[in-house]
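Chain by chain, the residues:
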Amino acid sequence: MSGLAFLIPIALGMGLLGLAGFFWAMRKGQFEDLDGAAQRILIDDEEDEQ
């Protein structure tokens, strides 16, 4: 039972840390252009062929 006294607060802290990281990424605009990154791989660059 004493092991749960350590594990539950650690799990809650890690969950809150992940949630804070997600909201930070949302605020910084990390998820704004999801289609652009997927289509950027298909564009041929002229300078890579030389």
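Cut-offs used in this document
- Position labels on residues start from 1 in each chain and follow its written sequence.
- Given that this is a predicted model, residues contribute local features only at a pLDDT of at least 70 and side-chain atom pairs are listed and counted only at 80 or more, while totals for whole chains, interfaces and linings are drawn from all residues.
- The basis for the side-chain values is all heavy atoms of the structure; hydrogens and waters are excluded.
- Each helix is a run of H or I in the DSSP string that is no shorter than four residues. Each strand is a run of E no shorter than two, and both are numbered from the N terminus.
- It is over C-alpha atoms that the radius of gyration is taken, and the globule rule equals 2.2 Å times the number of residues to the power 0.38.
- Note on exposure labels: buried denotes an accessible area under 20% of the residue type's maximum, exposed denotes more than 50%, and partly exposed covers the range between, all computed with a 1.4 Å probe on protein chains only.
- In this description, accessible areas are obtained by the Shrake-Rupley approach with a 1.4 Å probe, and a residue is regarded as covered only by the protein chains that are shown.
- A helix is expected to span 1.5 Å for every residue after the first.
- Working definition: a ring pair exists when centres of Phe, Tyr or Trp rings (six-membered ring for Trp) sit within 6.5 Å. Plane angles under 30 degrees give stacked, over 60 give edge-to-face, the rest tilted.

Just to check I follow, could you spell out the overall build of the chain for this structure?
Secondary structure summary: the chain contains two helices and zero strands in total. Its C-alpha radius of gyration of 21 Å places the chain more than 25% over the 10 Å reference for a compact globule of 50 residues. By principal-axis analysis of the C-alpha atoms, the chain measures approximately 65 × 25 × 15 Å. Burial statistics for the chain: of 50 residues in total, 4% are counted as buried. Summing over all exposed atoms, the chain offers an accessible surface of approximately 5000 Å²; the carbon and sulfur share of this is 63%.

Would you mind going over helix H1 (residues 2-28) with me for this structure?
Given 3.6 residues per turn, any residue in an α-helix points the same way as the ones three and four places further on. Given a rise of 1.5 Å per residue, 27 residues ought to cover 39 Å, and the 40 Å separating the end C-alpha atoms of H1 matches this to within 8%. Gly-29 sits one or two residues past H1 and shows a positive phi near 85°.

What should I look at first to understand the environment of Gln-39 in this one?
Inspection of the secondary structure puts Gln-39 in helix H2 (residues 34-40). The exposed category is assigned to Gln-39, whose relative accessible area is 53%. Distance in space between the C-alpha atoms of Gln-39 and Leu-7 is 43 Å, their sequence separation being 32 residues.

Looking at this structure, how should I read the packing of aromatic side chains?
Aromatic ring pairs are reported here in terms of the distance separating the ring centres and the angle at which the planes meet. The tally for this structure, following the rule as stated, stands at two aromatic pairs. Ring geometry for Phe-22 and Phe-23: centres 5.7 Å apart, planes at 55°, overall tilted. Here Phe-22 falls in the partly exposed class, since its relative accessible area comes to 41%. Ring centres of Phe-22 and Phe-31 lie 5.9 Å apart, and the angle between their planes is 40°; this geometry places the pair in the tilted category. Site record: aromatic cluster; members linked through ring pairs are Phe-22, Phe-23 and Phe-31.

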